[in-house]
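Each chain, written out:
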Amino acid sequence: MPRSGPLPAAFSLLLATAALLPGPAAAQNEPRINASEDVVIHLYGPAITLQCNLTTSPSPLSASYWVKNGEEIPGTRKPSNTTEYKILKPRAEESGEYLCVFVFSNSPIANATIEVRATPDITGHKRSENKNEGQEALMYCKSVGFPHPEWVWRKKVNGVFEDINNSSGRFFISNKDNYTELSITNLQINEDPGEYQCNATNQVGSVSVTTILRVRSHLAPLWPFLGILAEIVILVVIIVVYEKRKRPDEVPDDDEPAGPMKTNSTNNHKDKNLRQRNTN
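Not measured: the values here are computed from a predicted model.

Colleague: Give a detailed account of the side chain of Thr83, specifying residues and quantitative values.
Modeller: Structurally, Thr83 is set in strand β6 (residues 82-87). There is a polar contact of 2.8 Å between the side chain of Thr83 and the side chain of Trp66. Setting aside anything within four residues of it in sequence, one finds Thr83 in contact with Leu50, Gln51, Cys52, Ser64, Trp66, Lys78, Cys100 and Phe102.

Laid out in structure tokens, this is it:
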């Protein structure tokens, strides 16, 4: 008769593990979603349709909706196990991480992710920056497009854009997702003016824009005042020269009598009349 005794430890562990595994019925109740493949947006491309189909539901479905970059898209919630979202005008700002979400009455929600990728598009930057020597200049770029880009700043040297040389320690670059900025402290009029380029690159493509930095002298704030002063000096000189060059006959003589002078012929005529009276 075979000897009965405690089961081997390995066999006992195998039985315990098998008891913890879900049975066929549990596996069948897990939600399953068939979703569209990831999409790349091309410039001037046709409309894009994202689709999700819930093939297995663990409990009655309450609703389905779409989410973009963590926020629910308004107007997409409905009680259907098949849902779609159309991007009518595919552009970089429409790219991102899309989720189709299914809500159940007695089970946790389920979702599937669809990535819509696009080349970065820089939507904001400074075309020019005008500062005085010794001040701080701030240039920035912001973009749309998914995935978030890697940012690089360059400066044009001898007609070629080169990575910024920060040997002086005056250049500071800050990058965060779709935004970057470059600040330059203690501006030098002989070193810092020129064209600066910000470049955004992701898995799909790359784009660049430029900003022109102008650095003025310390005396720049005085230029308007000096210009006004120069105009006043010139005006005074013109007036003085004009007064000195006036013709003498245009200036009245103080010794000249105001009324007309009597001539000698008039006096002689009166004397003649007087002599004739005495003779008579």
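Colleague: Would you mind going over the pairing of strand β13 (residues 160-163) in detail, with residue names and values included?
Modeller: If a strand is regular, its side chains alternate between the two faces of the sheet. Bridging between strand β12 (residues 150-157) and β13 involves 4 bridges; their strand directions are antiparallel. Across the sheet, the residue bridging to Arg154 is Asp163, located in β13. Connecting β12 to the next strand, β13, in antiparallel fashion are 2 residues, including Asn158 with a positive phi near 55 degrees.

Colleague: Mind laying out the side chain of Ser64, listing which residues take part and the relevant values?
Modeller: Looking at the element boundaries, Ser64 is found in strand β4 (residues 61-68). For Ser64, a relative accessible area of 0% translates into the label buried. Within the local environment of Ser64, its side chain forms a polar contact with the backbone oxygen of Ser80, the two atoms lying 2.9 Å apart. In this structure Ser64 touches Thr76, Arg77, Lys78, Ser80, Thr83, Val101 and Phe102, once residues within four positions along its chain are discounted.

Colleague: Give me the lowdown on the pairing of β12, citing residues and values where you can.
Modeller: For β12 and strand β16 (residues 194-201), the ladder comprises 6 bridges, and the chain directions are antiparallel. Following the sheet pairing, Trp153 is matched in β16 by Cys198.

Colleague: How would you explain the confidence of the model for the protein if you had to name every residue and give the values?
Modeller: Confidence in the prediction of the protein, expressed as mean pLDDT, is 83, and 76% of residues score 70 or more. Here residues 1-27 is modelled with pLDDT under 50, and outside its nearest four sequence neighbours on either side it reaches 3 contacts, counting other chains as well.

Colleague: So what's going on with the sheet that holds strand β3 (residues 48-56)? Which residues, and what values?
Modeller: As summarised here, the arrangement of the 3 strands in space is β1-β3-β6, forming an open sheet in which the pairing is antiparallel. With one partner strand each, in any of the chains shown, β1 (32-35) and β6 form the two edges of the open sheet. Between one strand axis and the next, the sheet turns through 15 degrees on average, direction left out of account. Sheet topology places β1 next to β3; 4 bridges connect them, and they run antiparallel. Directly across from Ile33, in β3, lies its bridge partner Leu54.

Analysis parameters
Residues numbered from 1 in each chain as written. Predicted model: local features only at pLDDT ≥ 70, side-chain atom pairs only at ≥ 80, totals over all residues. Heavy atoms only, no water. Helix = DSSP H or I, 4+ residues; strand = E, 2+ residues; numbered from the N terminus. Polar contact = N/O pair within 3.5 Å; in protein donor to acceptor, adjacent residues only side chain to side chain. Contact = heavy atoms within 4.5 Å. Pairing = 2+ DSSP bridges. Buried < 20%, exposed > 50% of the residue type's maximum accessible area, 1.4 Å probe, protein only. pLDDT = per-residue confidence, 0-100. Axes fitted to C-alpha atoms, helices over the stretch in contact; angles between N-to-C directions.

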